[in-house]
Amino acid sequence: MTQYAFHFDGSRCTGCKTCEFACKDYYDLDTDVQYRKVYECTGGETSKDENGYVSTTCFAYYVSMSCNHCDDPACAKVCPTGAMHKDSDTGLVSVDADKCVGCGYCHMACPYNAPKVDREKGHSVKCDGCAERVAQGEQPICVRACPARALDFGPVEEMSKMGERGNIAPLPESTYTNPNLYIKPSKDAKPAGSKDGKVANPLEVM
Amino acid sequence: MLSGMDTALGEITLVLFTTLAPSGVVAFILMGLPLLRGDLPVETRRRIDQFLSIPLVTSMVGLVASATHLGNPANALYVFLGVGRSPLSTEVFCAVVFLALAGVYWLYSFSQRPRTGLQRAWMALAMVAGVVFVTSVAFAYSAETIVSWYTVYVPLNLWLNALVGGPLLAVVGLRVARYRPVEDRLGRALVAVSIAALAANLVSFGLQSAGLPRIENSLLSASDLVPYYGLMIAVFGVLALAGIGVDARVLYARRSGGALRLTVGRAAAASALALAGIFVMRFAFYMMHMTVGLGV
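Just so it is clear, the structure is predicted and the values come from calculations on it, not from any experiment. (Residues numbered from 1 in each chain as written. Chains lettered and ligands numbered in written order. Predicted model: local features only at pLDDT ≥ 70, side-chain atom pairs only at ≥ 80, totals over all residues. Heavy atoms only, no water.)

What follows is about the interface of chain A and chain B. With 39 residues of chain A at the contact, the number on the chain B side is 37 residues. Where chain A abuts chain B, roughly 3,100 Å² becomes buried across the two surfaces, and 60% of that area is made up of carbon and sulfur atoms. Counting the surface chain A buries against chain B, the share from its top three residues, A:Y105, A:M108 and A:Y176, is 22%. Counting every contact that joins chain A to chain B gives one salt bridge. Measuring nitrogen to oxygen at the nearest pair gives 3.1 Å for the salt bridge that ties B:E216 to A:K198. One can count 22 residue pairs in polar contact (both at pLDDT 80 or more) joining chain A with chain B. Listed by contribution, the elements that provide at least two residues to the side of chain A that touches chain B are α2 (74–78), α3 (105–109), β13 (197–199) and α7 (202–205) of chain A. Residue composition of the side of chain A that touches chain B, by class: 24 nonpolar, nine polar and six charged. (Contact = heavy atoms within 4.5 Å. Buried area = accessible area lost by both parts, 1.4 Å probe. Salt bridge = Lys/Arg side-chain N within 4 Å of Asp/Glu carboxyl O. Polar contact = N/O pair within 3.5 Å; in protein donor to acceptor, adjacent residues only side chain to side chain. Helix = DSSP H or I, 4+ residues; strand = E, 2+ residues; numbered from the N terminus. Nonpolar A, V, L, I, M, F, W, Y, C, P; charged D, E, K, R; others polar.)

Structure (C-alpha cells):
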C-alpha cells in the first residue's frame, strides 16, 4: 500500500485561493460546497506606549487545506454504515454514496472540517484526493492549479521529507487523527492547537 | 457571525428524538414496575399493559422523527454494519432491540390468556434493554474530536433529563390505566424522583455552563455557540418545576384530605411542561457542537 499525502508550503502561499476554485470548477461544486478551503489565521494586537511609540504583535498567514486522509480518520471511525472509508491501496478517505445514509456524523466529528452532507444529493461529499486523476498518474487539480507551487501531493514518504505533520494553527494537534498533511510553516505560523490566532474568514470556510 | 443556531435547527428532529425517547423509555420502565409483582389482579395488569402504548408511542415518535433527518434513508440497513465501532450504530441497534422487546411484550398482552410468569420475565428483559438504550443515546456522540460533547456532563444530563421527564409520563400512563396507587403513594414517589433528578440536573447544567468558555478551538469557544445557556437552563428549570408542581399539588393535597383529583388532562399537562423544558436543553446541546479543530 502507498499512503498518499498532501504537502503545504506556508512560506509560498499567498492566499490567492486558486486551489479552492480550481477544485470547485473541476467538480462543478455548488455555492455551498467546497472541498478545499483557505483559512486565514490572524491574531496579535497593536499598541501605543506613552511616548507615542507604536508596536505590534499582529500576524496573519494562510493555510490551504482539504481532507487530510488521516491515518486514524475521525469521520470513518464514527460512520455508522462504513460508507466513509479509507482505501486500502492509496489510504485516501472517501464516501461510498451507495452506503451513506447522510446522517452527518462524519461532518460533526472531523476536526479538519472536511466532509459535509450535500442535502440535494442526500449523502456526504468531500475531497477524495482526486483519486481518479491520481490513478492515471496525474496530480490533484488543486496542486496543479497553485500558481505559487505551495501545494504538493505524493507518497507519504516523499511528502514527509518536506515538512512536519499538521503542525500549525488553526489545525488541532495532529495526535487526534494523524493527518497526512505535511507543512512547511511560514515565519509567522503558530503551533498547532495554539489559541493565539483565530480564523478570520469563518463565513467563507464554514 | 457563527452561532450554534444553524446546527440545532439542522438537527431539530434529533432534538425531538433525544427529548422524547429517553423519557419514554424511563416511563415504560416505571410503568412496568407494578407488573413485576406476581399478585397483581388480572384486570389491572391488562389495563397497564395496554397503556404501555403511551410511553412506547412517545419513544417511537422520537425514533421515526430522527430517521427523517437522514439524507438517504434507503441505505439505513447498512447502519447495522457499524455496531460496536460507531456509537451511532450502537444506539440505533439498542433502540431496535428495546422497541422489539417492548413491542412484542405489548402485543402479547392482548392474547386471550397471557402467561403471567412469561410476561414478568419478558418485562424485566425489556426494562434492561431500556436502560441500555438510554445509555447508548447518552453516549451516541462520544467522539474525542467533538470537544464540547466529550465531557462527563453530556451523558449525565441526558440520563437526568430522562429521570425528570420519565416519571411524569409514567404518571400519565398509570393514571390513564386507572391504576389507583398512582393517585397516592406511588404518584408521590414518582414526583419525588422527578424533583430529585431536576435538582441534580440543574447542578450538572450549571457546572457544564461554567466550563464552556474554556472549551475553545481556532474559531470560537463553546460559550459563544450558546450565548444564552444560563437563560435556557433557567427556562428548563421553570418549565420542569411547573410540570412537577401541577402533579404534586394534587397528589400532596390528597394526602392531607384535599378534594382535588388527579385528572388525565392535568397529568398530561404536567408531563408536556417537563418535556418542553427538556426540549429547550436538547436544543442547546446541539447548538453547542464544535470540534477540537475547525468545526462548529
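After that view of the structure, there is still more to cover.
With that settled, the discussion passes to the state of the cysteines. All names here are of chain A. Summed over all chains, the structure comprises zero disulfides over all chains. Cysteine C16 remains unbridged, with the sulfur of C146 as its closest cysteine sulfur at 6.2 Å. Of the residues examined, C16 reaches a relative accessible area of 44% and is grouped as partly exposed. The closest cysteine sulfur to the non-disulfide-bonded C58 is located on C41, 12 Å from its own sulfur. (Disulfide = S-S within 2.5 Å. Buried < 20%, exposed > 50% of the residue type's maximum accessible area, 1.4 Å probe, protein only.)

All right, on to the environment of A:H107 then. If you trace the backbone, A:H107 turns up in helix α3. Distance from A:H107 to A:A74, taken between C-alpha atoms, is 9.5 Å for residues 33 residues apart in sequence. What A:H107 contacts, discounting residues up to four positions off in sequence, is A:N113, A:P115, A:K116 and B:V296.

Our focus in this paragraph is the packing of aromatic side chains. Tallied over the entire structure, the rule returns 17 aromatic pairs over all chains. With a centroid separation of 5.9 Å and 50° between ring planes, the pair formed by A:Y27 and A:Y35 is classed as tilted. Here the aromatic rings of B:F98 and B:F133 are separated by 6.0 Å at their centres, their planes lie at 25°, and the arrangement is stacked. One end of the pair, B:F98, is in helix α5 (residues 87–108); the other, B:F133, is in helix α6 (residues 116–138), with 35 residues separating them in the sequence. Grouping residues by exposure puts B:F98 and B:F133 together as buried. In this structure, A:R36 is placed above the aromatic ring of A:F6, and the distance from its NZ or CZ to the ring centre is 4.7 Å. The aromatic ring of A:F59 is capped on one face by A:K190, whose charged end is 4.5 Å from the ring centroid. (Phe/Tyr/Trp six-rings, centres within 6.5 Å; stacked < 30°, edge-to-face > 60°. Lys NZ or Arg CZ within 6 Å of the ring centre and 35° of its normal.)

Before going further, it helps to examine a negative patch on the surface. Residues A:D25, A:D28, A:D30, A:D32 and A:E120 make up a contiguous surface patch of negative charge. In this fold, A:D28 is placed in the loop between α1 (18–26) and β2 (37–43). (Patch = residues over 30% accessible without salt bridge, like charges linked within 9 Å, V, L, I, M, F, W, Y side chains within 5 Å. Areas by Shrake-Rupley, 256 points an atom, 1.4 Å probe, with all protein chains shown as cover. Lys, Arg positive; Asp, Glu negative; His and termini not counted. Charge placed at Lys NZ, Arg CZ, Asp CG, Glu CD.)

Our next topic: the sheet that holds strand β1 (residues 4–9) of chain A. Pairing between the strands of a sheet comes from backbone hydrogen bonds, and it takes one of two forms, parallel or antiparallel. All names here are of chain A. Spatially, the four strands line up as an open sheet ordered β10-β1-β12-β11, and their pairing is mixed. Of all strands in the sheet, those bounded by a partner on one side alone are β10 (151–155) and β11 (164–165). Here β11 pairs with strand β12 (residues 181–184) via two bridges, running antiparallel. From the neighbouring strand, E164 faces β12, where its bridge partner is I183. (Pairing = 2+ DSSP bridges.)

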